[in-house]
Amino acid sequence: MPADTEVPPVVQMRGITIRFPGVLALDHVDLTLRPGEVHSLMGENGAGKSTLIKALTGVYPVDGGTITVTGTDRTFASTADAQAAGISTVYQEVNLCPNLSVGENVMLGHEPRRRGVIDWRATHTEAARHLEALHLDIDTRSPLSRHSIAVQQLVAISRAMVLDSKVLILDEPTSSLDRDEVDQLFGVVRDLRDRGVAILFVSHFLDQVYEISDRITVLRNGALVGEHAVADLPRDALVTKMIGRELHDLESLSRTAHRAVDRSGEPLLSARGIGRRGVLEPADLDVYPGEVVGLAGLLGSGRTELVRLLYGADRADVGHVSVRGERARMTSPRHAIDRRMAFSSEDRRGEGIVADLTVAENIVLGIQAQRGWARPIRRSERDAVVAEYIQALGVRPANPDAIVGNLSGGNQQKVLLARWLATAPELLVLDEPTRGIDVGAKADIQHKVSELSAQGLSVIFISSELEEVLRLAQRIAVLRDRRKIGELDSGQVDLDGLVDYLANAGKGSAA
Amino acid sequence: MSTTTTPEVRTRRSAPSYQGFIARHAATTPTYAAVLILLVLLAGAETFLPGNFLSPGNLSALLLDNAYLLVLAVGMTFVILTAGIDLSVGSVMAFTGVLGAQLLAQGTPAVVAVPAMLLAGGAIGLLIGVLVQYFHVQPFIASLGGLFLARGLAFVVSLQSIKVEEPTVLWLQQTRIRLDGWYITPTGIIALLAVAFAALVLHLTRFGRTVYAIGGNEGSARLMGLAVARTKVTAYVISGLCGGLAGLLLTAYSGAGYPRNGIGTELDAIAAVVIGGTLLTGGRGYVLGSLVGVLVFGTIKTIISFMGAEQSWMQIIIGGLLLLFIVVQRAIVARSERQR
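Since this is a predicted model, take the numbers as computed values, not measurements.

**Brief notes about the overall build of chain B**
Part 1 of the argument: When its secondary structure is counted, chain B shows 14 helices and four strands.
Part 2 of the argument: Expressed as a percentage of its 340 residues, the buried residues of chain B come to 51%.
Part 3 of the argument: Summarising the internal contacts of chain B: among those between residues at least 6 apart in sequence, 77% fall at separations of at least 24.
Part 4 of the argument: Surface accessibility of chain B: about 15,200 Å² in total, with carbon and sulfur atoms responsible for 68%.

In structure tokens form, the structure reads like this:
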């Protein structure tokens, strides 16, 4: 393993400080990248990983500190500057142009020219050569948009190689890849590492970090916690460093969640044969007061579709919904809100937060909508509500005037949760509230959900992480291929049982 | 750590299916559709209208009558490909036209007056480009400002029509290079050269490819280290220059500069570009498509006047076509998004 500390570093960042309005995003952070090494940057959401990367790639100007690349001090005014210095980045949401061909995306801005004009034949040949170096065999003339995210990511890496990069930054590259695709990506990463490229790897997946890294730098709340060789940093130590507290919190949940729920009375929400052609086959679902119902299923199984029908975000074409035994017309979210339901969408940025408004403004949006425009909320009342929820959910930074767009994903999710809780709903629908957020924020949100349900709030909880569903829900409705295939009592099934049910139930003897 | 053998990538090699064909040619489909519509229009006019519609004289006149619109559409294509819009071009054409006529009337030689017209157009384009890029003004608003500015300047130059007697400028229009019944004027040649030059720039230069990249995803283009700011501003300058060139062609065509020329012509140019298959969301389209769009536009106009019908039918038909094309474009975009 190339963990030789004698190798001179390619990149040295010293005392990097960055401020945003209302947020000290980075506070004197150091980072050292060495050639032929995979270096992981770890931290919770909001720890400052993205900001540090953006400082290194010239997206954000630094307010303090120095960046040294191969021994010379640099100031990057733009991404182009950073790329010229040999630093390339591949982002989670692949930053390429879907309208152009694969070959063009690889070569864009570096096309070989003959007599002043682009030589397309040479461009595609060279693109193919760079792709082959990563064992990619694709038609360079096909449009980029026709390829999977995994392939697009490898195309982005090929592009970095055209630039002859000394440093390759991979920002959450694996979050939408399956296991085979991750293996393929890691093969390419190891290849590049062996060729002496310094790689900075950012991921939420601990397994992957331990699989690929030589060294780990941990950040917390915008400050450096430390740099460690992987061998010297066991997982529990890493997690403790990342969240700054013990993991007991999460463990204790499993006990609180499995309290009994009284299902003798009338269900709060009862759906009968609700469905929509091409979207979801008719399904039944009951939710009792104080109950957490989990929806389990793979992506695209109809989980989100079911709750959108219940909430009236999409129209059902068959079936009906009753609230407290009374038939309810649910053709618009308005109707659902009037019946004290709240729905937090999985699309946090698109259907959730208003990125340009402050934390406080985002939180009171829900209450204000409930009251109507004619009855504005008094300033003092607003401040009290906002302060209460920031405190209760642990929103960081605890600054009501911070712009939500500057917050990390986990904290944006807390703000959303606060918005809906402030409307005092009786039924809360949470679609993937913990996706892409770190352990600490996840624990906070899970705690809040189980605490509120114990006080009588009904919750429909959707998550791709089955463990989380098992931990939080008393009852689990399982969906597969746009159909509800059954319900399980979470006290009587473990993870293996749930996975087996999800994969095989109703299929007879599956091989 | 042992060295791993990287598995070969599974890729979707272009499957020889109808779906695959559509997906691969999604970018060109609207342009082919425009060509089809043009052919249907021409064939229909030949079949159903009395007299000989497809005569060489008629077809030659199509280019002559629409040369100025073609030049505007060329400039507009650059801007729309970056996902912008330029509403100023009709007014810029009027302003530069009347400015040129005034200069020529005062005895300024054409070698000075013509570059002055182009420069005036380019300057207004630069102003709009700077507003859009550095002051983050919506292209719609910035170019609307340009529209009012140029129109006002045109009236400052003159309130009346100014007749042009300068022989060089009139030569542009009056010279007919003939071949059998076909003919072409220098204005037509200039317009076609503009198309050819634009097509070369867009497809064979890094600047041109950056225009497409910006339209595809501006944020990505920036992160890829491309010269986004310079390219966007240049696109507006090109549109302004084309406005100035169109001013020259229109002045030659009508033999006069008139400050009320080209009211609403910017919308004709946008319509022609969209009918020619360029997506208003940017990143997809061809300048040759805009040529087809202008020809569709001109053919409909000729057919209406051939029939002696009300000119309002012209607008109704163009409106209908435009809506149809935008729906087709939406469908294509939606399909390619689903592909991912």
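**Quick notes on the overall build of chain A**
Part 1 of the argument: Counting its secondary structure elements, chain A contains 18 helices and 22 strands.
Part 2 of the argument: The C-alpha atoms of chain A give a radius of gyration of 25 Å, which matches the 24 Å a tight globule of 511 residues would have.
Part 3 of the argument: Once the C-alpha set of chain A is aligned to its principal axes, its extents read approximately 75 × 55 × 50 Å.
Part 4 of the argument: For chain A, buried positions account for 55% of its 511 residues.
Part 5 of the argument: A separation of at least 24 residues holds for 66% of the contacts in chain A among residues at least 6 apart in sequence.

**Thoughts on helix α9 (residues 206-216) of chain B**
Part 1 of the argument: For α9 of chain B, the tally of buried residues reaches eight of 11 residues, placing the bulk of the element in the interior.
Part 2 of the argument: If you check which residues of α9 of chain B are buried, you get Gly208, Arg209, Thr210, Val211, Tyr212, Ala213, Ile214 and Gly215 of chain B.

**Points about the domain arrangement of chain A**
All names here are of chain A.
Part 1 of the argument: What the domain assignment lists for chain A is domain 1 (11-245), domain 2 (246-340 + 427-440 + 457-511) and domain 3 (349-424).
Part 2 of the argument: Each of domain 2 and domain 3 has a C-alpha centre, and the two are 26 Å apart.
Part 3 of the argument: With 11 residues of domain 2 in contact, the opposing surface of domain 3 contributes 10 residues.
Part 4 of the argument: Here domain 2 packs against domain 3, burying approximately 770 Å² in sum over the two surfaces, 57% of which is carbon and sulfur.
Part 5 of the argument: Contact with domain 3 buries surface across domain 2, with Arg340, Leu428 and Ile437 losing the most and accounting together for 40% of the total.

**Observations regarding the sheet that holds strand β9 (residues 167-171) of chain A**
All names here are of chain A.
Part 1 of the argument: Spatial strand order, β6-β9-β10-β3-β11-β12: six strands in an open sheet with mixed pairing. With partners counted over all chains shown, the strands left at the sheet margins are β6 (87-90) and β12 (223-229), one partner each. With strand direction ignored, the average angle separating the axes of adjacent strands in the sheet is 20°.
Part 2 of the argument: Pairing geometry for β9 and strand β10 (residues 198-202), over five bridges, is parallel. Bridging from a neighbouring strand, Val167 pairs with Ala198 of β10.

**As for the sheet that holds strand β4 (residues 64-69) of chain A**
All names here are of chain A.
Part 1 of the argument: Taken together, four strands build an open sheet; the order of strands is β2-β1-β4-β5 and the sheet is antiparallel. Bordering the open sheet on either side are β2 (23-33) and β5 (72-74), each of which pairs with just one other strand. For this sheet, the mean inter-axis angle between neighbouring strands, taken without regard to orientation, is 30°.
Part 2 of the argument: Seen against the sheet, helix α1 (residues 49-56) touches β1 (11-20), β2 and β4 and runs at an angle of roughly 115° to β1.

**Quick notes on the pairing of strand β14 (residues 280-287) of chain A**
Every other side chain in a regular strand lies on the same face of the sheet, so the side chains alternate between the two faces.
Residues and elements named next belong to chain A.
Part 1 of the argument: Pairing of strand β13 (residues 269-276) with β14, which is carried by five bridges, proceeds in the antiparallel orientation. Counterpart to Ser270 in the pairing with β14 is Asp286.
Part 2 of the argument: In this structure, the hairpin formed by β13 and β14 is closed by a connection of three residues, where Gly278 is found at a positive phi of approximately 80°.

**Examining the side chain of Thr210 of chain B**
All names here are of chain B.
Part 1 of the argument: Within the secondary structure, Thr210 is located in helix α9.
Part 2 of the argument: A polar contact of 2.7 Å, which involves the side chain of Thr210, links it to the backbone oxygen of Arg206.
Part 3 of the argument: Setting aside anything within four residues of it in sequence, one finds Thr210 in contact with Leu226, Ala227 and Thr231.

**Topic: unusual backbone geometry**
Residues and elements named next belong to chain A.
Part 1 of the argument: Here Arg396 and Pro397 are connected by a cis peptide whose omega angle stands at 0°.
Part 2 of the argument: With a phi close to 50°, Arg324 is a non-glycine residue in the positive phi region.
Part 3 of the argument: Structurally, Arg324 can be placed in the loop between β16 (318-323) and β17 (326-328).

**What to know about the environment of Leu103 of chain B**
Part 1 of the argument: As for its position among the elements, Leu103 of chain B is in helix α4 (residues 89-105).
Part 2 of the argument: Apart from the residues within four sequence positions on either side, Leu103 of chain B is in contact with Thr108, Ala113 and Ala116 of chain B.

**Here we look at the packing of aromatic side chains**
All names here are of chain B.
Part 1 of the argument: Per the counting criterion, the structure on display carries five aromatic pairs over all chains.
Part 2 of the argument: Ring geometry for Phe53 and Phe306: centres 5.1 Å apart, planes at 75°, overall edge-to-face. Of this pair, Phe53 sits in the loop between α2 (29-48) and α3 (56-81) while Phe306 sits in helix α13 (residues 287-307), and the two are 253 residues apart along the sequence.
Part 3 of the argument: By relative accessible area, which is 3% here, Phe53 ends up buried.
Part 4 of the argument: Sitting above the plane of the Tyr212 ring, Arg209 keeps its charged end 4.6 Å from the centroid.

**A look at the nonpolar core**
Where a protein is soluble and globular, its nonpolar side chains tend to be buried together.
Part 1 of the argument: One finds Val155, Ile157, Leu168, Leu192 and Ile216 of chain A to be the most contacted residues of the largest nonpolar core, which totals 138 residues.
Part 2 of the argument: Looking at which element gives the most residues to this core, the answer is α3 of chain B, with 14 residues.
Part 3 of the argument: Setting aside anything within four residues of it in sequence, one finds Leu168 of chain A in contact with Ser88, Val90, Ile157, Ala160, Leu192, Val197, Ala198, Ile199 and Leu200 of chain A.

**As for the pairing of strand β19 (residues 427-431) of chain A**
Residues and elements named next belong to chain A.
Part 1 of the argument: Extensive coverage of β19 is indicated by the burial of five of its five residues.
Part 2 of the argument: As judged from the four bridges shared by strand β18 (residues 341-344) and β19, these two strands associate in the parallel manner. Bridge pairing in β19 places Met341 opposite Leu427.
Part 3 of the argument: Where β19 lies against strand β20 (residues 458-462), five bridges are found, and the strand directions are parallel. Considered in β20, the bridge of Val429 is made with Ile460.

**Quick notes on the side chain of Ser322 of chain A**
Part 1 of the argument: With respect to the helices and strands, Ser322 of chain A occurs in strand β16.
Part 2 of the argument: The residues touching Ser322 of chain A, leaving out its near neighbours within four places in the chain, are Leu268, Leu269, Ser270, Arg327 and Ala328 of chain A.

**Concerning the environment of Thr187 of chain B**
Residue and element names in this part refer to chain B.
Part 1 of the argument: Tracing the chain through its elements places Thr187 in helix α8 (residues 186-204).
Part 2 of the argument: Through-space distance from the C-alpha of Thr187 to that of Leu248 is 9.0 Å; in sequence the pair is 61 residues apart.
Part 3 of the argument: Dropping the residues within four chain positions of it, Thr187 is found in contact with Leu64, Ala67, Leu172, Gln173, Leu249 and Ala252.

Quick notes on the rules
- Sequence order sets the numbering: in each chain, residues are counted from 1 along the sequence as written.
- Whichever chain is written first is A, and whichever ligand is written first is 1; the rest continue in order.
- For a predicted model such as this one, the threshold for reporting local features is a pLDDT of at least 70, and the threshold for listing and counting side-chain atom pairs is 80 or more; totals across whole chains, interfaces and linings nevertheless cover every residue.
- To obtain the side-chain values, all non-hydrogen atoms of the structure were included, while hydrogens and water were left out.
- Helical segments are the DSSP runs of H or I of at least four residues, strand segments are the runs of E of at least two, and each set is numbered from the N terminus.
- A 1.4 Å probe rolled over the protein chains alone gives each residue an accessible area, and that area as a share of the maximum for its type sets the label: buried under 20%, exposed over 50%, partly exposed in between.
- Contacts: residue pairs with any heavy atoms within 4.5 Å of one another.
- Each accessible area is a Shrake-Rupley estimate made with a 1.4 Å probe; only the visible protein chains count as cover when residues are assessed.
- Within these notes, the globule rule equals 2.2 Å times the number of residues to the 0.38 power, and the radius of gyration is based on C-alpha atoms.
- Where each domain starts and ends follows an automatic or database-derived domain assignment.
- A quick way to say it: buried area is the sum, across both parts, of accessible area lost when two parts are put together, with a 1.4 Å probe.
- Pairing between two strands is assigned when DSSP locates at least 2 bridges connecting them.
- Axes, fitted as lines to C-alpha atoms, cover a helix only where it is in contact. Angles between the N-to-C directions of the axes lie from 0 to 180 degrees.
- A 3.5 Å cut-off defines polar contacts: any pair of N or O atoms within that distance qualifies, except that in protein one atom must be a possible hydrogen donor and the other a possible acceptor, and neighbouring residues in sequence count only when both atoms are side-chain atoms.
- Here a Phe, Tyr or Trp ring, Trp counted by its six-membered ring, pairs with any other such ring whose centre lies within 6.5 Å, and the pair is stacked when the planes are under 30 degrees apart, edge-to-face when over 60, and tilted otherwise.
- Two limits define a charge over a ring: the Lys NZ or Arg CZ must be within 6 Å of the ring centre, and within 35 degrees of the ring normal.
- Throughout this description, the term nonpolar core refers to a set of buried Ala, Val, Leu, Ile, Met, Phe, Trp, Tyr and Cys residues connected via side-chain atoms within 4.5 Å.

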